[in-house]
Amino acid sequence: MKSFVGCLFLVMGVLPLAFAGHNYGEALSKSFLFYEAQRSGYLPHNQRVHWRGNSGLNDGKASGIDLVGGYYDAGDNVKFGLPMAFTITMMSWSILEYGRQMAASGELGHAMDAVKWGTDYLLKAHPEPYVLYGEVGDGNTDHYCWQRPEDMTTSRAAYRIDPNHPGSDLAGETAAAMAAASIVFRRYNPGYANELLNHAHQLFEFADKYRGKYDSSITVAQKYYRSVSGYADELLWAAAWLYKASNNQFYLNYLGRNGDALGGTGWSMTEFGWDVKYAGVQTLVSQILMSGKAGHNAPVFERYQQKAENFMCSCLGKGNRNAQKTPGGLIFRQRWNNMQFVTSASFLASVYSDYLTSAGKYLKCSSGYVSPNELLSFAKSQVDYILGDNPRATSYMVGYGSNYPRQVHHRGSSIVSIKVNPTFVTCRGGYATWYSRKASDPNLLTGAIVGGPDAYDNFADERDNYEQTEPATYNNAPLIGVLARLHAGHSGYNQLLPVVPAPKPVPKPAPRGKVTPAPRPRVIPVPANAHVAIQQRATSSWALNGKTYYRYSAIVTNKSAKTVKNLKLAISKLYGPLWGLTKYGDSFIFPAWQNSLPAGKSLEFVYIHTASPAIVSVSSYTLV
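Residues numbered from 1 in each chain as written. Predicted model: local features only at pLDDT ≥ 70, side-chain atom pairs only at ≥ 80, totals over all residues. Heavy atoms only, no water.

### Some details on the overall build of the chain
Working step 1: Looking only at helices and strands, the chain has 18 helices and 15 strands in total.
Working step 2: Here the chain holds 624 residues, and the buried ones make up 61% of them.
Working step 3: Expressed as a percentage of contacts within the chain between residues at least 6 apart in sequence, the contacts between residues at least 24 apart total 76%.
Working step 4: Of the roughly 23,500 Å² of accessible surface on the chain, a fraction of 51% belongs to carbon and sulfur atoms. (Helix = DSSP H or I, 4+ residues; strand = E, 2+ residues; numbered from the N terminus. Buried < 20%, exposed > 50% of the residue type's maximum accessible area, 1.4 Å probe, protein only. Contact = heavy atoms within 4.5 Å. Areas by Shrake-Rupley, 256 points an atom, 1.4 Å probe, with all protein chains shown as cover.)

### Concerning the UniProt feature "active site" (unreviewed entry) in the chain
Working step 1: UniProt marks His409, Asp461 and Glu470 with the feature "active site" (unreviewed entry), using the numbering shown here. Their sequence span is 62 residues, while the largest C-alpha to C-alpha distance among them is just 10.2 Å; these annotated residues converge on one region.
Working step 2: A polar side-chain atom of histidine 409 sits 2.8 Å from the main-chain carbonyl oxygen of arginine 463.
Working step 3: Here glutamate 470 is to be found in the loop between helix H17 (466-469) and helix H18 (473-487).
Working step 4: Separated by 2.9 Å, the side chain of glutamate 470 and the backbone nitrogen of glycine 75 make a polar contact. (UniProt positions renumbered as here; feature names shortened; annotations may be inferred. Polar contact = N/O pair within 3.5 Å; in protein donor to acceptor, adjacent residues only side chain to side chain.)

### Regarding the state of the cysteines
Working step 1: As enumerated under the stated definition, the model contains two disulfides in all.
Working step 2: Across a sulfur-sulfur distance of 1.9 Å, cysteine 145 and cysteine 427 are joined as a disulfide pair. Classification of the bridge connecting cysteine 145 and cysteine 427 rests on its S-S torsion, roughly -85°, and on that basis the disulfide is left-handed. Taken as a pair, cysteine 145 in the loop between helix H4 (139-144) and strand S3 (158-161) and cysteine 427 in the loop between helix H15 (411-414) and helix H16 (429-435) lie far apart in primary sequence, 282 residues in all. Comparing cysteine 145 with cysteine 427, the two get one shared label, buried.
Working step 3: A sulfur-sulfur distance of 2.0 Å marks the disulfide that ties cysteine 313 to cysteine 365. The chirality of the disulfide connecting cysteine 313 with cysteine 365 is left-handed, given an S-S dihedral of about -90°. With cysteine 313 in helix H12 (residues 298-316) and cysteine 365 in strand S4 (residues 363-365), this pair connects stretches of sequence that are 52 residues apart. (Disulfide = S-S within 2.5 Å.)

### Here we look at the nonpolar core
Working step 1: Trp93, Trp237, Phe301 and Leu363 are the most contacted members of the largest nonpolar core, which totals 152 residues.
Working step 2: Among the elements that make up this core, the one with the highest residue count is helix H5 (residues 168-185) (twelve residues).
Working step 3: What tryptophan 93 contacts, discounting residues up to four positions off in sequence, is Trp237, Trp241, Phe272, Gly280, Thr283, Leu284, Phe347, Leu348, Val351 and Tyr355.
Working step 4: In terms of nonpolar packing, the next biggest core, distinct from the first, is built from 21 residues, Ile534, Val556, Leu567 and Leu603 among them. (Core = buried A, V, L, I, M, F, W, Y, C linked by side-chain atoms within 4.5 Å.)

### Some remarks on empty space enclosed by the protein
Working step 1: This structure, assessed with the given rule, holds three cavities of 30 Å³ or more.
Working step 2: If you trace the largest cavity, you find it lined by Phe32, Tyr35, Glu36, Arg39, Arg48, Tyr71, His110, Asp113 and Ala114.
Working step 3: Those elements giving two or more residues to the lining of the largest cavity turn out to be helix H1 (24-37) and helix H3 (108-124).
Working step 4: For the lining of the largest cavity, the residue count by class is four nonpolar, one polar and four charged. (1 Å grid on protein atoms, 1.4 Å probe; cavity = no way out; pocket = protein on both sides within 12 Å on 5 of 7 lines; lining within 4 Å. Points joined across faces, edges and corners; volume = space filled by probe spheres on them. Nonpolar A, V, L, I, M, F, W, Y, C, P; charged D, E, K, R; others polar.)

### Details of the environment of glycine 167
Working step 1: Residue position: glycine 167 is located in the loop between S3 and H5.
Working step 2: Residue glycine 167 is classed as buried on the basis of its relative accessible area, which comes to 2%.
Working step 3: When the C-alpha positions of glycine 167 and aspartate 208 are compared, they lie 9.7 Å apart, and in sequence the two are 41 residues distant.
Working step 4: In this structure glycine 167 touches Ile161, Gly212, Lys213 and Tyr214, once residues within four positions along its chain are discounted.

### Let's talk about the packing of helix H14 (residues 372-386) against H18
Working step 1: Running from N to C, H14 and H18 point in directions that differ by 110°, and their axes come no closer than 11 Å. Between H14 and H18, the crossing angle belongs to the class labelled roughly perpendicular. When the axes of H14 and H18 are compared, the crossing they make is left-handed. Only Leu479, Val482, Leu483, Arg485 and Leu486 of H18 make contact with H14, whose side of the interface consists of Leu376, Ala379, Lys380 and Val383.
Working step 2: Considered class by class, the residues forming the contact of H14 with H18 number seven nonpolar, no polar and two charged. (Axes fitted to C-alpha atoms, helices over the stretch in contact; angles between N-to-C directions. Parallel < 35°, antiparallel > 145°, perpendicular 65-115°, else oblique. Left-handed = near helix turned anticlockwise from the far one by under 90°.)

### Looking at the pairing of strand S14 (residues 602-609)
Working step 1: Buried residues dominate S14, accounting for six of its eight residues.
Working step 2: The sheet contact formed by strand S8 (residues 547-558) and S14 spans eight bridges and is antiparallel. When the sheet's bridge partners are listed, serine 553 is paired in S14 with valine 606. (Pairing = 2+ DSSP bridges.)

### Some thoughts on the packing of aromatic side chains
Working step 1: Counted by the stated rule, this structure contains 31 aromatic pairs.
Working step 2: Note on tryptophan 146 and tyrosine 431: the rings are 5.7 Å apart at their centroids and 45° apart in plane angle, and the pair reads as tilted. Placement of tryptophan 146 in the loop between H4 and S3 and of tyrosine 431 in helix H16 is noted, with a sequence separation of 285 residues between them. Of the two residues, tryptophan 146 and tyrosine 431, neither departs from the other in class, the shared state being buried.
Working step 3: Grouping aromatic residues by their ring pairs yields a cluster made of Phe86, Trp93, Trp237, Trp241, Phe272 and Phe347.
Working step 4: Its end group placed over the ring of tryptophan 117, arginine 39 keeps NZ or CZ at 4.6 Å from the ring centre.
Working step 5: Over the ring of tyrosine 192 we find lysine 116; its NZ or CZ atom is 4.7 Å from the centre of that ring. (Phe/Tyr/Trp six-rings, centres within 6.5 Å; stacked < 30°, edge-to-face > 60°. Lys NZ or Arg CZ within 6 Å of the ring centre and 35° of its normal.)

### Notes on the pattern of salt bridges
Working step 1: Scanning the entire structure with this criterion turns up 21 salt bridges.
Working step 2: One salt bridge connects lysine 79 with aspartate 59, and the closest N-O pair in it is separated by 2.8 Å. Of this pair, lysine 79 sits in strand S1 (residues 79-80) while aspartate 59 is found in the loop between H1 and S1, placing the two residues 20 residues apart along the sequence. Summarising the burial analysis for this pair, lysine 79 and aspartate 59 share the class buried.
Working step 3: Aspartate 151 is the partner of arginine 148 in a salt bridge, and the nearest nitrogen-oxygen pair spans 2.7 Å.
Working step 4: Residue classification places arginine 148 among the buried residues on the basis of a relative accessible area of 1%.
Working step 5: In this structure, a network of salt bridges that share partners links the residues Asp59, Lys79 and Arg156. (Salt bridge = Lys/Arg side-chain N within 4 Å of Asp/Glu carboxyl O.)

### Some remarks on the environment of tyrosine 225
Working step 1: Along the polypeptide, tyrosine 225 turns up in helix H8 (residues 222-225).
Working step 2: With relative accessibility at 0%, the residue tyrosine 225 sits in the buried group.
Working step 3: Taking the C-alpha atoms as reference, tyrosine 225 lies 9.5 Å from glycine 81; in sequence the two are 144 residues apart.
Working step 4: Engagement of the side chain of tyrosine 225 in a polar contact is seen with the side chain of aspartate 73, the distance being 2.4 Å.

Structure (structure tokens):
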């Protein structure tokens, strides 16, 4: 089932870009079906995975609390809080970066449903400010049995943390999940978003005030989800997400004050996953720095960014320590569920590529400067391997392609559906009848990403080969973002930009060539408004393939004494990608993380194209 993280270091490399023409949209759609198969509790009326039924309906009852719902983590029937919360955080991050692409694929609703199924459970699991339930069920008794979740006879004991039994890593990750999800729901369900954010604030305070490792309090988790990295990374991770969700300077300064003490500026990580969050923190902080919001924390944030870039360079094979990879080109960390590290690294590479491009910057590795597009190419190579571009021509996503795992290490999919044959499956009888059966699963676990091949690209499609054939929710969560990004192609979505050529370091002065100078910053007039002012500036330019690209910055300022809400901007003659606003019909509105503009405050958006500046004007707004 899960991974035992014995070492904190993974070295990653770059692989040749594959050209298989995969249907990333299909893979994205199937990923969400996997989450429906992992649901615990009362299944909703719009459940699409019909072979599943209600399960875990008495969870929490013995402890006097309703803990019905949530997700089973992998191929068993336990609800582990730490990987579940990480799954929700990463699904939310995927939506925040690539929600527009998901919407274009018709999958945004399914993505948000997947997040909400998790956050509804996390809210139940946090009944008091300093109490959080972190596990339902017991891995030891659960693994003794092979039963469908609908037939469970194993222990459903609930385990919690509190001030006397702390768990900063669990509380911190759950705070991060709720904070990230609150941004997802802010525009669509503001009441729910506020509830999530309030819980996130409380959980962060709990994590920071009562420090300790959760598996010292919930000891039954040690064999399955031991917190090897400790809780320092989760404290920073939670602070970063709370800053993004609340814009509260306390969390920004927390990242600045504690970057050294909690390892954010010190650990140069080469893995990212449910246990080790440093590379994720460093990527988020880098985005804050590149967007100009670091303030007096900038010197510390630059050290975070150095570590983030070490991670990216190691992914590309251009760092000081480069990847172990299989002969077929897959980064390889460990034999037990290696795919979790592949999907997480691919996601970080994708978003960092976009952050660099939007800032007009390059990645600096020990081997020289690297264009942002190389990071995206790395991510694509890993995804293409997962989907079938590998020596075995095997898709490691169940149900995608024609050659995929048929004997998945998963109780629900390997036993006939209770709706087809309601005969009770006993604890040990399930092993005798179904686990040992050398045939394809009776139920297709569509969209599941299994553990994957070994260090030599070998893979055995056998149910008892749990290291390779067991899926996990946190394998898919980062992948949905990358799939949405790749499916968007080059159709003008906001993250897709022309490749910025990397500067070539030279040991001595080189002959001068003809270059296009960056224009001096100049103010571009826009239609005036008494309350809302807009100033545009051309901030940089570069030449590529005979064209000159310009980066324009536009500052929208509230000149009134009241708060501006419901702002709509009209933008015409825009021929390139834009960041910092949300497209709404024919207009542009506040970005997802902002719903108003207080008196005297400003927001910035940027865009890039080869033409003169776009025409920006105010369509409407309200003053409150």
